[in-house]
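Descriptive analysis of the structure
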Amino acid sequence: MGSASAEKPSRVPEGLWVKCPDCAQVLYNKDLEKNLHVCPKCAHHFRISAAERLRALLDDDWTEHFPDLTSNDPLRFADTKLYRDRLRTTMEATGLKDAVIVATGRLNRLDVVVAAMEYAFIGGSMGVVVGEKITRAVEMALERRQPLIVVSCSGGARMMEGALSLMQMAKISAALARLDRARLPFVSILTDPTTGGVTASFAMLGDLNIGEPKALIGFAGPRVIEQTIRQKLPAGFQRSEFLVEHGMLDLIVDRREMKTVLERALQFFGARPAPAAPPPLVVAGADAEPPG
Ligand SMILES: [Zn+2]
């Protein structure tokens, strides 16, 4: 880190082109954006922000809920920085108050509640605010009798909030049990990466658990496991494809197909589209045109 400024200045404007980390194809950023940040050559899925995720899933505008909940640094935690300062700089950099956006909107005309996690906010970590917001999203789905979709992108529990962040696992899981008893669907989408306490709680509790291609999904990271068990892990361990083969995920869906797949799944679970537009006025007594 920090070596970028020491490099020779590039004459190409920043951010105009991106190199695919998988196939090394140089991509025009605008084209990549239109393709939902999926490499058109090799289908590498670039990480996207919570807002981009909502744009990719919802029809047009959505309503954001609880945007102002913030952590109050209950442990007065400090690592290399004061947690308080880390929060402040992250808020400035992302324009968000914590690592999840909760929204209500329509997905191909189906009313849904969506919670999308933001990796740029301290690794998408789950502290009390993320826990509270996702719990409220579940309660909102219950109240409105609407399906819930949670898109995870997270390193796990937020260690700067210690046990309070771990408690969120139980809290969200309990709320999801109520959603289940009310027979409302919960679809969990696991994106790169989904690890730690997020995987170990709500991300694996979906009626349908969908992974994005090649996403890293696990509890502890492969390096930690390898060091603990002193064994080489199989190729592709903890990637979506491996997890589908071993029954941890239900399916893998390309981001460009996600909206359609979700629509079909939610309809299967009983969701019905909202009426598109008010029906045309029918004039009493007027004869319909004969066909042909
Ligand atoms: Zn590529």
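Residues numbered from 1 in each chain as written. Predicted model: local features only at pLDDT ≥ 70, side-chain atom pairs only at ≥ 80, totals over all residues. Heavy atoms only, no water.

What follows is about empty space enclosed by the protein. Using a probe with the size of a water molecule, rolled over the atoms, empty space left in the structure can be pinpointed. Applying the stated criterion across every chain, the model contains two cavities of 30 Å³ or more. His 45, Phe 46, Arg 47, Ile 48, Arg 53, Cys 153, Thr 191, Asp 192, Glu 212 and Arg 255 are the residues that line the largest cavity. Residues of the lining of the largest cavity, tallied by class, amount to three nonpolar, two polar and five charged. When its volume is computed, the second largest cavity comes out at roughly 30 Å³. Around the second largest cavity, the lining residues are Ile 48, Ser 49, Ala 50, Arg 53, Ala 116, Met 117, Val 151, Cys 153 and Thr 191. Of all the secondary-structure elements, those providing two or more residues to the lining of the second largest cavity are helix H2 (50-57), strand S5 (110-117) and strand S6 (148-154). Class assignment of the residues belonging to the lining of the second largest cavity gives a composition of six nonpolar, two polar and one charged. (1 Å grid on protein atoms, 1.4 Å probe; cavity = no way out; pocket = protein on both sides within 12 Å on 5 of 7 lines; lining within 4 Å. Points joined across faces, edges and corners; volume = space filled by probe spheres on them. Nonpolar A, V, L, I, M, F, W, Y, C, P; charged D, E, K, R; others polar. Helix = DSSP H or I, 4+ residues; strand = E, 2+ residues; numbered from the N terminus.)

With 91% of its residues at a pLDDT of 70 or more, the chain has an overall mean of 92. Predicted confidence for residues 1-7 stays below pLDDT 50, and this span has zero contacts to residues more than four positions away or in other chains. (pLDDT = per-residue confidence, 0-100. Contact = heavy atoms within 4.5 Å.)

Another point: the packing of aromatic side chains. Scanning the entire structure with this criterion turns up three aromatic pairs. When the ring centre of Tyr 119 is taken as origin, the NZ or CZ atom of Arg 47, which lies over that ring, is 4.0 Å away. (Phe/Tyr/Trp six-rings, centres within 6.5 Å; stacked < 30°, edge-to-face > 60°. Lys NZ or Arg CZ within 6 Å of the ring centre and 35° of its normal.)

With that out of the way, let us pick up the pairing of strand S7 (residues 186-194). The buried count for S7 comes to eight of nine residues, which makes it a mostly enclosed element. In this sheet, S7 lies alongside S6 in parallel orientation, the contact comprising six bridges. Bridge pairing in S7 places Leu 148 opposite Phe 186. In the classification by handedness, the crossover that spans S6, the intervening helix H5 (residues 162-181) and the parallel S7 is right-handed. Across four bridges, the pairing between S7 and strand S8 (residues 208-211) is parallel. Its bridge partner being in S8, Ser 188 is matched across the sheet by Asn 209. (Buried < 20%, exposed > 50% of the residue type's maximum accessible area, 1.4 Å probe, protein only. Pairing = 2+ DSSP bridges. Right-handed = clockwise from strand over helix to strand, strands pointing away.)

The topology assignment puts Pro 21 in the loop between strand S1 (17-19) and strand S2 (26-28). With 25 residues separating them in the primary sequence, Pro 21 and Phe 46 have C-alpha atoms 8.9 Å apart. Dropping the residues within four chain positions of it, Pro 21 is found in contact with His 44 and Phe 46.

On to the side chain of Ser 240, then. On the secondary structure map, Ser 240 appears in helix H8 (residues 240-245). At 2.5 Å, the side chain of Ser 240 and the backbone oxygen of Glu 212 are in polar contact. (Polar contact = N/O pair within 3.5 Å; in protein donor to acceptor, adjacent residues only side chain to side chain.)

What follows deals with helix H9 (residues 258-268). Within the span of H9, buried status applies to Met 258, Lys 259, Val 261, Leu 262, Ala 265 and Leu 266. Looking straight down H9, one finds its buried side chains confined to an arc of 160°; they lie on one side. In H9, those exposed residues whose orientation departs by more than 90 degrees from the buried face are Arg 264 and Phe 268. Looking one or two residues beyond H9, the residue adopting positive phi is Gly 270, at roughly 110°. (Arc of directions from axis to C-beta.)

With seven of seven residues buried, S6 is to be regarded as a mostly interior element. Side chains of S6 alternate between two faces, with Leu 148, Val 150, Ser 152 and Ser 154 and Ile 149, Val 151 and Cys 153 buried alike. Across four bridges, S5 lies against S6 in parallel orientation. Each residue of the ladder has a partner; that of Val 114, found in S6, is Ile 149. For the segment spanning S5, helix H4 (residues 128-144) and S6, crossover handedness is right-handed.

This next bit is on the coordination of the zinc ion. Taken together, Cys 20 (SG), Cys 23 (SG), Cys 39 (SG) and Cys 42 (SG) make up the full set of protein donors to the zinc ion, lying 2.3 Å away. Between consecutive donors of the zinc ion, the numbers of intervening residues give the motif C-x2-C-x15-C-x2-C. Of the two residues, Cys 20 is situated in the loop between S1 and S2 and Cys 39 in the loop between helix H1 (29-34) and H2; the sequence distance between them amounts to 19 residues. Here Cys 39 falls in the buried class, since its relative accessible area comes to 0%. (Donors = N, O, S within 2.8 Å, 3.2 Å for Na, K, Ca; no water.)

This part is about the nonpolar core. Membership of the largest hydrophobic core comes to 61 residues, with the highest contact counts inside it found for Leu 148, Ile 149, Leu 176, Leu 179, Val 187, Phe 202 and Leu 262. The biggest single contributor to this core is S5, with seven residues. Discounting residues that sit within four places of it in the chain, Ile 149 has contacts with Leu 107, Val 112, Val 113, Val 114, Ala 115, Val 187, Ile 189, Leu 262 and Leu 266. By size, the runner-up hydrophobic cluster in this structure holds five residues, among which are Cys 20, Leu 27, Cys 39 and Phe 46. (Core = buried A, V, L, I, M, F, W, Y, C linked by side-chain atoms within 4.5 Å.)

So, about the environment of Met 160. Position of Met 160 among the secondary structure elements: in the loop between S6 and H5. Once the C-alpha coordinates of Met 160 and Leu 75 are considered, the two residues, 85 residues apart in sequence, prove to be 7.5 Å apart. Setting aside residues no more than four positions away along its own chain, Met 160 makes contact with Leu 75, Phe 77, Asp 79, Tyr 83, Arg 86 and Ile 122.

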